[in-house]
Structures are given as C-alpha cells and as structure tokens.
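# Remarks on the overall topology
Now for the letters of each chain:
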Amino acid sequence: MADGGDPRALEGAFRRLLRSNEQGKLSLAGAYAVGYLVLGHAQQEETGPDWYHEIDPLDALFLGAARPRGFRDEFEFANARDAWLRLLRGTVHGQGIQRFVREAVSASEELGMPVDDGKLMLALVGRLEAAGLDQRRLPRRLLPGAALQDLRAVHGPSLNLRLPDPPEDAKERVRRFWKEEESWADDTPRAVLRDGLRRFHDAGLPVKKKSGMLLPALYAALLTKPGEPLEDMGPHAWAWALSLEEASTLAPVLDVLLVAPELGMSVAKTLGHLFAMPAFTEPIPSEALLWTSSPGLALPRLAFELGIPEVSTLEATVTPDLLDWVGMHARMRLNAARGSATDLEETDSVDGTDETQEESGERWGERREAVREAVLHKVRKKSGGTAATHRRFDRPVERIWDADGSSVVRISADTPHGQKLQEALEGQHDAFREKFGREPEPGDPLLFDPDADEPTRLTREYFDNLMLDMAERAVEMGIDPAFLHAWREVGYVVTQETRSMFTTAEVLAFKRALARHRQAGE
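What you are looking at is a predicted structure, and each value in this text was computed from that prediction instead of being measured.

## Section: the overall build of the protein
Counting its regular elements, the protein contains 23 helices and 4 strands. Evaluated residue by residue, the protein yields a buried proportion of 55% over its 522 residues. Pairs at least 24 apart in sequence give 66% of the contacts found in the protein among residues at least 6 apart.

Set out below in structure tokens:
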C-alpha cells in the first residue's frame with residue numbers, strides 16, 4: 001500500500017491506475033487519477049480556469065470521469081457533479097463513492113492536511129487500490145458523457161415544458177400579489193419572490209415588464225448577501241435553480257421562471273401560471289436553502305451524511321452548521337477571483353481604514369463567533385427566537401458586507417438593545433483582561449476557552465456542551481429550551497435584533513430547526 005510517504009510506491013500506484021483505464025474501462029480510482037492528471041497539467045501550463053483552485057478530491061474524481069467533456073463554468077461543473085452523484089446513489093458505485101469520501105477524510109486526518117491540499121490529493125492516489133476502488137468498472141451508461149445527456153441540471157428545462165393553465169381568478173391574484181406586503185412568517189416562493197421584486201424595484205429595475213427579473217429576484221431574496229454584485233445574480237440564480245433535483249417540489253416553479261423569458265412571456269402571464277401550482281404557495285423545501293453550485297461543496301455534504309462530524313479544508317474546518325457559510329463564501333470568493341466584484345484594494349472598511357483582501361478573509365473565520373458574541377447575554381431574555389421585520393433605524397446590531405463576502409459587525413449604542421449588547425461585549429473585554437492580564441489583540445477571540453492558558457477560541461465541542469448545559473437549565477432561566485437546541489443545530493441564532501445579519505434562507509433554517517425541537521418537546 002502506498003500512503004504518500006514512499007514516492008516510488010506512490011508513482012507506481014498512479015501509473016497502474018492510469019493503465020487500468022485503457023480501452024474505455026474506467027474505475028472510480030482510475031477516474032480520480034485522470035482528474036488529478038488534468039489538474040496537474042492545467043497548473044503546469046497555467047491553462048485552467050480559476051475555479052480549478054477550488055477543486056477537492058471528489059471534484060477531481062468527477063472531472064476525470066467526465067473527461068474529455070468540458071464545462072462552461074464552475075456552476076455547470078458543480079451541478080453536473082451533483083446530478084451524477086445522485087444517479088450513482090443506490091448502486092454499488094454509489095457505495096464506492098462513499099468509500100472514496102471516507103478514504104479522503106481519513107487521509108486528511110492521518111496526514112494532518114486539509115482534504116483539498118495538493119499533497120493530500122496526491123497521497124490519496126496510493127490509498128485507492130487498497131480500498132478496492134480500482135476493481136469495479138463504471139458501465140458506459142453511468143459515465144458522465146452518457147448519463148448527463150439532456151439532464152435538467154446541465155441543460156435546463158425543455159422549452160416545450162407543459163405549463164399549467166392559470167386559475168380563473170389569476171388576474172385578481174396577480175393584482176393582490178403586487179399590493180400585499182411580504183411577511184417573514186410566510187416561507188413560500190410567493191412571499192420570497194414578492195420581497196425580491198420589491199428590492200429590485202427599489203433599485204430601479206423594471207420588475208413588472210421583464211419576466212427575466214423573476215428568477216433572480218427569488219434567488220436574491222432567499223440566498224444573497226448584500227455584497228453580491230447585481231450583475232452576477234442572473235447566472236447565480238440560473239445555477240441555483242438547476243442545482244435542485246427534478247424530484248424537488250420547488251423544481252416545477254423554478255422551471256416556469258427559467259423558461260418564461262425564453263418564451264417571451266409577460267410577467268403577469270408568468271405569475272398566472274405560477275398561481276396554478278400548489279408549490280408556489282407552499283413552504284420552500286429545505287434542500288433549496290443551501291448553495292451547492294460550486295466546487296468543493298459535495299464532499300463535506302456526503303461526509304456528514306456518513307456521520308463524519310467535520311472536514312478540514314484549506315478554507316476552514318467545515319461542520320454541518322457551516323454548510324451555508326461555506327457555500328456562500330465559495331460563490332463570493334470566485335466572484336472576486338473573476339474580477340466581477342469591487343476591487344478590494346480600493347475599498348475601505350467601515351471605520352475608514354484600508355483593508356487588504358487577506359485581512360478581509362481573516363474576518364470570515366469569526367463569522368459565527370461575532371454573532372454569538374453579540375447575542376450571548378441577550379439570549380437570557382425570554383425570546384421566541386422568531387425573526388420579524390424591523391425598521392432599519394432601530395437595529396442595534398448590523399452586519400456590514402463587503403463585495404467579497406467579508407463583513408464586520410456594528411453595534412449601535414443608540415437603542416436600549418444596542419446598549420445592552422455593547423455592555424455584554426465590554427464585559428467580555430474585561431473578562432479577557434482579567435484572565436490574561438493584557439488587552440485583547442486583533443486576532444484574539446472575545447469568547448475564549450476559560451480553561452486555556454492562552455487566548456483560545458471556543459471549540460465546537462465546547463460550544464455544544466455549553467448549549468446542552470444551558471438547555472437543561474433553560475426553563476429556570478426563562479428560556480425556551482428549543483431555542484438553544486436550534487442554535488446548537490444550525491450554529492447561529494436569529495432574533496429580532498440580529499435578523500439583518502442573515503439571509504432569508506438562514507432565517508428559515510433556524511425557524512424550522514426551532515419548530516422541530518419544539519415539536520419534539522425539547
């Protein structure tokens with residue numbers, strides 16, 4: 001067995017895997033070797049697209065299996081990857097994919113390297129023979145070249161899509177649609193679309209004249225952060241819509257939005273067809289709340305399904321509660337690489353000081369902690385945890401977003417809530433000084449491990465134990481236990497004061513976790 005420590009053994013394993021692909025015979029291990037070779041050649045020749053730098057082992061496997069097929073961009077690549085993986089589910093090759101994921105994560109843990117580190121990806125070659133992933137050949141019908149033909153995830157819905165007849169009162173429903181106010185208690189495509197169209201209207205866009213505005217508006221209201229450039233929302237919305245499998249209840253709604261501009265349909269006519277679909281006024285399915293259309297996102301999701309608690313990547317140590325952050329950050333990071341976002345060298349931070357891209361990236365590591373710091377003491381007040389619409393001038397806590405997805409948290413002392421939150425942070429500041437005998441430096445966590453001799457950020461395990469301990473004493477503290485269990489599950493907490501810091505998708509994920517735990521009596 002080659003484990004990455006013996007270069008000659010590793011080279012031998014690599015050559016054997018490449019030879020095993022002769023005459024169109026391709027195993028999962030062989031596909032990975034081909035994909036790794038493609039990445040290496042692109043790096044050496046400097047011919048690969050920017051998103052090649054985001055690829056992890058599972059992406060490389062798919063890239064090799066799809067060879068010589070090319071992809072227009074990272075969105076098509078990721079959607080095709082996920083569609084292919086769905087086709088393999090339930091087959092012996094799907095079990096092989098699971099084994100591959102386990103091997104990749106095990107290698108990462110044993111070698112102490114991120115799963116997408118180049119050295120780790122090379123070392124993984126030597127483990128695949130021992131795992132038996134070079135023995136079984138993929139049938140031609142399951143190779144991406146054949147399996148992905150005419151799939152919605154790659155090519156979109158057919159323009160011959162049969163649209164449902166609008167209801168008899170369609171005109172009245174459309175009229176009410178434009179007049180009614182959206183509510184955060186309403187988590188239907190109808191309500192989220194209405195909110196997105198209102199935002200686009202406020203930005204001066206012709207939302208009542210162009211049906212091509214509908215899908216980006218739905219996407220914008222559901223998933224985007226304020227820093228996402230408006231010009232990117234069209235392709236991002238298209239990629240997101242195609243990422244959902246055809247069995248999703250939301251897929252028919254999205255298909256109408258996808259074909260409407262191609263067929264020259266008016267906005268009113270498009271809405272009329274949507275009102276004929278029950279899914280338009282039913283809750284948005286949970287699978288639609290995550291961005292998956294980027295490289296590097298499939299392996300962690302599959303690992304979590306297998307019970308693996310975390311995956312180390314070059315960007316971060318990913319846990320299930322961080323999937324939304326990782327997906328959004330991958331999307332925004334690639335935006336910056338393509339130059340579609342504002343040049344970071346010309347932007348200022350909110351306090352007026354220059355901020356480099358590296359410094360902005362470091363702030364992302366504190367995304368969850370910043371939220372937790374801002375609400376740690378606030379949570380002791382009895383709160384239903386539901387999000388509500390609130391006036392901008394009454395926000396005690398606000399997140400300020402940059403174009404690359406980095407952000408800072410601003411706490412206003414102009415409101416009673418803001419004053420309490422600021423006092424809580426000042427208390428943490430005092431506790432830091434008392435514990436370590438000095439002022440906190442820029443890289444020091446305000447929420448620190450009280451048992452550590454040096455400033456150490458609280459671990460996920462520590463936070464989980466803290467939440468469980470608080471949940472056991474929640475009733476006597478005047479807190480709904482389900483509120484704490486939901487916080488622990490999704491990794492953040494949404495209150496009226498912090499609503500502006502989250503996307504609609506994040507708010508819905510928290511609300512649904514809260515409802516589940518309440519129903520379970522926790």
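Once you've had a look at it, read on.
## Quick notes on the packing of aromatic side chains
Applying the stated criterion across every chain yields a total of 17 aromatic pairs. Between F75 and W291, the aromatic rings sit 5.7 Å apart at their centres with planes inclined by 90 degrees, giving edge-to-face as the arrangement. Separated by 216 residues along the polypeptide, F75 in helix 4 (residues 74-88) and W291 in the loop between helix 14 (267-274) and helix 15 (298-305) bring together distant segments of the chain. Assessed through its relative accessible area of 8%, F75 is described here as buried. W291 sits in the buried class, given a relative accessible area of 5%.

## Structural notes on unusual backbone geometry
Note the cis peptide between R67 and P68, where omega equals 10 degrees. Note on placement: P68 falls in the loop between helix 3 (57-66) and helix 4. Despite not being glycine, D150 shows a phi value in the positive range, around 65 degrees. Among the secondary structure elements, D150 is positioned in the loop between helix 7 (144-147) and helix 8 (152-155).

## A closer look at the packing of helix 4 against helix 15
Relative to each other, helix 4 and helix 15 sit at 30 degrees, their axes nearing to 11 Å. Accordingly, the angle class assigned to the pair helix 4 and helix 15 is roughly parallel. Here helix 4 contributes R81, D82 and L85 to the contact with helix 15, which in turn contributes A298, R301 and L302. Across the contact of helix 4 with helix 15, the residue classes break down as 3 nonpolar, no polar and 3 charged.

## A few points about the pattern of salt bridges
Working definition: two side chains of opposite charge can pair if their charged atoms are close together. Overall, the coordinates contain 22 salt bridges when judged by the stated rule. With its nearest N and O atoms 3.1 Å apart, the salt bridge here joins R99 to E103. Taken together, the residues R99 and E103, both in helix 5 (residues 92-111) and 4 residues apart, mark about one turn of the helix. Residue classification places R99 among the partly exposed positions, given a relative accessible area of 36%. Here E103 falls in the buried class, since its relative accessible area comes to 12%.

## Concerning helix 22 (residues 481-490)
Residues spaced three or four apart along an α-helix face the same direction, because each turn holds 3.6 residues. For helix 22, the tally of buried residues reaches 8 of 10 residues, placing the bulk of the element in the interior. Within the span of helix 22, buried status applies to P481, A482, F483, L484, H485, A486, W487 and V490. Where helix 22 begins, the capping side chain belongs to D480, and its oxygen is found 3.1 Å from the backbone nitrogen of A482. One or two positions beyond helix 22, positive phi appears at G491, with a value near 90 degrees.

## Thoughts on the nonpolar core
Here is a general trend for soluble globular proteins: nonpolar side chains tend to be buried in one another's company. Of all hydrophobic cores here, the largest spans 114 residues; its most connected members are W84, L193 and W240. Tallying contributions element by element places helix 11 (residues 214-223) first for this core, with 9 residues. A474, F483, V507 and A513 belong to the second largest nonpolar core, which has 22 residues in total.

## Side note on the side chain of S108
Checked against the element boundaries, S108 lands in helix 5. Excluding anything up to four places from it in sequence, S108 contacts M113, P114, V115, L120 and S312.

## Here we look at the environment of L447
Assignment of secondary structure puts L447 in the loop between helix 19 (416-436) and helix 20 (460-472). According to the relative accessible area criterion, L447 is buried, its value standing at 12%. Sequence spacing of L447 and A431 is 16 residues, and the spatial spacing of their C-alpha atoms is 9.5 Å.

## A short note on the side chain of D116
In this structure, D116 sits in the loop between helix 5 and helix 6 (118-128). Within polar-contact distance, the side chain of D116 engages the backbone nitrogen of L314 at 2.9 Å. For D116, the residues in contact, after removing those within four places along its chain, are I55, D56, P57, M121, T313 and L314.

## Observations concerning helix 10 (residues 189-202)
The terminal C-alpha atoms of helix 10 lie 20 Å apart, and with 14 residues this matches the ideal 20 Å at 1.5 Å per residue to within 8%. Counting buried positions over the 14 residues of helix 10 gives 10, a clear majority of the element. Within the span of helix 10, buried status applies to P189, R190, A191, V192, L193, R194, D195, G196, L197 and F200. Against helix 9 (170-179), helix 11, helix 12 (233-243), helix 14 and helix 23 (504-519) lie the buried residues of helix 10.

Conventions used here
- Residues numbered from 1 in each chain as written.
- Predicted model: local features only at pLDDT ≥ 70, side-chain atom pairs only at ≥ 80, totals over all residues.
- Heavy atoms only, no water.
- Helix = DSSP H or I, 4+ residues; strand = E, 2+ residues; numbered from the N terminus.
- Buried < 20%, exposed > 50% of the residue type's maximum accessible area, 1.4 Å probe, protein only.
- Contact = heavy atoms within 4.5 Å.
- Phe/Tyr/Trp six-rings, centres within 6.5 Å; stacked < 30°, edge-to-face > 60°.
- Axes fitted to C-alpha atoms, helices over the stretch in contact; angles between N-to-C directions.
- Parallel < 35°, antiparallel > 145°, perpendicular 65-115°, else oblique.
- Nonpolar A, V, L, I, M, F, W, Y, C, P; charged D, E, K, R; others polar.
- Salt bridge = Lys/Arg side-chain N within 4 Å of Asp/Glu carboxyl O.
- Polar contact = N/O pair within 3.5 Å; in protein donor to acceptor, adjacent residues only side chain to side chain.
- Core = buried A, V, L, I, M, F, W, Y, C linked by side-chain atoms within 4.5 Å.
- Expected span 1.5 Å × (residues − 1).

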